[in-house]
Amino acid sequence: MKGKILNYILYGGITGKEYKRIENDIYKSNIKNVLVFAILAFIAYAILFIQVSFSPIMSVMKTIYKISAISYLSIAVISLIFIKLKKHFYPAPYIGIIVPLTLGAIIGIFVNGNAQTTTFMVFLFAVPLLFTVRPILVAFVILASDITYIYLVVTRQTGVLLANNLSNAIIYGFVSIIFSSYMMNVKIRAFANEKNYKFLVENDQLTGLNNRRSFDILLEKLKIYRGKCTIVEFDINGLKAANDTKGHRAGDELIIGAADCILKTFGKYGKCFRIGGDEFAAVLNKPFPSEKELCNEFEKSCREWRGEMIDELSIAYGIVTLESCDTESLKEMLSKADALMYKNKSTYYKTIGKERRKI
């Protein structure tokens, strides 16, 4: 129970490990929302600034709207820069919440003579919902903004007006923390569910590698790609014998072991796939030391692998690199990798046959 409450407060009802998996997706969503919100807010405050510029008695509001417009323009530019650079700007959602809440508190004090709380409360309930933030952090931001508003009220008001706005700020601030925390829980769970669904669609359940569907999608993309590309095809040696003599659990152990060795060696340079029962593939799009070094590393990984039911792992493979991956070269590449892999497999079984005859 204690763990569930802690996860609710810290990660929106999921575990820290699950949150880590979706953190990048949440960030991308937040930075886009910050950009859109900042642009719209800049336009709104710019219009308000123009409107009050013609009124001499609105000089205070003119200054506030001018600062607001400049603030949101700055936020929009910074967000756009980070999006273009594909860099993380982690404070984005917090700035997106703090700035409008602070401005809402200030505007609430200078506008609506008898109902200063109204403007601030609209911001307090609406703004946090534009982003996805961990419940404990959104509660902290709302609390800090509410305290800022209370400070402004206390320092500028007296009598009944002070009492009313003070009580409203405390009550609505508390309600906003509860409501926003709940909504963050809902939104974070939605991100987690989407991520889980995507994982189930794109990944093989036994090994965790990308599945055949993902492989086919990537091949379609490669057909219009121009550049250096390396494809490796794999096939486990002796899987049928393991299934027949030691059962399917032993066979699954071999498949998982093969996936681990393939991912350990080739995952650093591209994507790895399980494309059939004992068939795997890797598509490499990052520079690697050399083909020889890569093969040596992979074979060493296979030799060192040990399972609970099986203590030996052999994988036939074929590796092909081409400078251009148009439709024709891709077909040729796949055929060549397939042929090299079966040649490797044939060599393995001939060697095993000779050893058995010696025995």
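In this text the structure is predicted, and so the values were computed from the model without any measurement.

Asks: How would you summarise the overall build of the protein chain if you had to cite specific residues and measurements?
Replies: Counting its regular elements, the protein chain contains 12 helices and 6 strands. Over its C-alpha trace the protein chain gives a radius of gyration of 30 Å, far above what one expects of a compact globule, namely 21 Å for 359 residues. Projected onto its principal axes, the C-alpha positions of the protein chain cover 105 × 50 × 25 Å. Taking all 359 residues of the protein chain together, 41% fall into the buried category. Within the protein chain, contacts between residues separated by at least 24 positions form 72% of all contacts whose residues are at least 6 apart in sequence. Of the roughly 20,300 Å² of accessible surface on the protein chain, 62% is carried by carbon and sulfur atoms. Within the protein chain, one finds 45 positive and 31 negative side-chain charges whose respective centroids are separated by 8 Å.

Asks: Residues and numbers for helix 10 (residues 248–266), please.
Replies: Under the 1.5 Å per step criterion, the end-to-end length of helix 10 is 26 Å for 19 residues, consistent within 8% with the ideal 27 Å. Regarding helix 10, the residues found buried are Ala250, Gly251, Glu253, Leu254, Ile255, Gly257, Ala258, Ala259, Cys261, Ile262, Thr265 and Phe266.

Asks: An account of the pairing of strand 5 (residues 315–322) is requested, with residue identities and associated values reported.
Replies: Among the 8 residues that make up strand 5, 6 are buried, leaving the element largely enclosed by the rest of the structure. Here 8 bridges tie strand 2 (residues 229–236) to strand 5, and the two strands are oriented antiparallel to one another. Following the sheet pairing, Thr230 is matched in strand 5 by Thr321.

Asks: Help me get a handle on empty space enclosed by the protein, residues and values and all.
Replies: Tallying each qualifying case throughout the model produces 1 cavity of 30 Å³ or more. There is about 30 Å³ of room inside the largest cavity. Partitioned by chemical class, the residues of the lining of the largest cavity number 2 nonpolar, 1 polar and 3 charged.

Asks: Explain a nonpolar patch on the surface to me, using residue names and the numbers behind them.
Replies: On the surface, a nonpolar cluster with roughly 500 Å² of combined accessible area is contributed by Ile5, Tyr8, Ile9, Ile136, Tyr182 and Val186. For the nonpolar patch, the element with the most residues is helix 1 (residues 2–11), which contributes 3 residues. Mapping Tyr182 onto the fold places it in helix 7 (residues 159–202). Tyr182 gets classed as partly exposed once you look at its relative accessible area, which sits at 47%.

Asks: Tell me what's going on with a positive patch on the surface, and back it up with residues and numbers.
Replies: A surface patch of like charges, here positive, comprises Lys28, Lys32, Lys86, Lys198, Lys221 and Lys271. With respect to the helices and strands, the residue Lys198 is situated in helix 7. Classification of Lys198 as partly exposed rests on a relative accessible area of 46%.

Asks: Explain the packing of aromatic side chains to me, using residue names and the numbers behind them.
Replies: Per the counting criterion, the structure on display carries 16 aromatic pairs. With 6.3 Å between their ring centres and 50° between their planes, Phe125 and Phe179 make a pair best called tilted. With a gap of 54 residues between them, Phe125 in helix 5 (residues 116–126) and Phe179 in helix 7 connect regions that are remote in the sequence. You can call Phe179 partly exposed: its relative accessible area is 33%. Every member of this aromatic cluster is reached through a ring pair, and the members are Phe37, Tyr45, Tyr65, Tyr72 and Phe131. When the ring centre of Phe199 is taken as reference, the NZ or CZ atom of Arg21 above it lies at 5.6 Å. The ring of Tyr19 has Arg134 sitting right over it, with the charged end atom 5.6 Å from the ring centre.

Asks: Could you give an account of the side chain of Ser68, with specific residues and numbers?
Replies: Topologically, Ser68 is positioned in helix 3 (residues 59–85). With residues up to four places along the chain from it excluded, the contact list for Ser68 reads Tyr45 and Leu103.

Asks: Explain the state of the cysteines to me, using residue names and the numbers behind them.
Replies: Taken as a whole and assessed by the stated rule, the structure comprises 0 disulfides. Take Cys295: it sits in no disulfide, and the sulfur closest to it among the cysteines is that of Cys302, at 11 Å. The cysteine Cys302 is free of any disulfide, with Cys261 supplying the nearest cysteine sulfur at 4.5 Å.

Asks: Kindly report on helix 11 (residues 291–304), identifying the contributing residues and their values.
Replies: With 14 residues, helix 11 extends 20 Å between its outermost C-alpha atoms, agreeing within 8% with the 20 Å of an ideal straight helix rising 1.5 Å per residue. All of the buried residues in helix 11 are Leu294, Cys295, Phe298, Ser301 and Cys302. The buried residues of helix 11 all sit within an arc of 125° when viewed along its axis, so they share a single face. Exposed side chains of helix 11 directed beyond 90 degrees from the buried face belong to Lys292 and Arg303. The inward-facing, buried residues of helix 11 abut strand 2, helix 10, strand 4 (279–284) and strand 5.

Criteria and cut-off values
- Residues numbered from 1 in each chain as written.
- Predicted model: local features only at pLDDT ≥ 70, side-chain atom pairs only at ≥ 80, totals over all residues.
- Heavy atoms only, no water.
- Helix = DSSP H or I, 4+ residues; strand = E, 2+ residues; numbered from the N terminus.
- Rg over C-alpha atoms; globule rule 2.2 N^0.38 Å.
- Buried < 20%, exposed > 50% of the residue type's maximum accessible area, 1.4 Å probe, protein only.
- Contact = heavy atoms within 4.5 Å.
- Areas by Shrake-Rupley, 256 points an atom, 1.4 Å probe, with all protein chains shown as cover.
- Lys, Arg positive; Asp, Glu negative; His and termini not counted.
- Charge placed at Lys NZ, Arg CZ, Asp CG, Glu CD.
- Expected span 1.5 Å × (residues − 1).
- Pairing = 2+ DSSP bridges.
- 1 Å grid on protein atoms, 1.4 Å probe; cavity = no way out; pocket = protein on both sides within 12 Å on 5 of 7 lines; lining within 4 Å.
- Points joined across faces, edges and corners; volume = space filled by probe spheres on them.
- Nonpolar A, V, L, I, M, F, W, Y, C, P; charged D, E, K, R; others polar.
- Patch = residues over 30% accessible without salt bridge, like charges linked within 9 Å, V, L, I, M, F, W, Y side chains within 5 Å.
- Salt bridge = Lys/Arg side-chain N within 4 Å of Asp/Glu carboxyl O.
- Phe/Tyr/Trp six-rings, centres within 6.5 Å; stacked < 30°, edge-to-face > 60°.
- Lys NZ or Arg CZ within 6 Å of the ring centre and 35° of its normal.
- Disulfide = S-S within 2.5 Å.
- Arc of directions from axis to C-beta.

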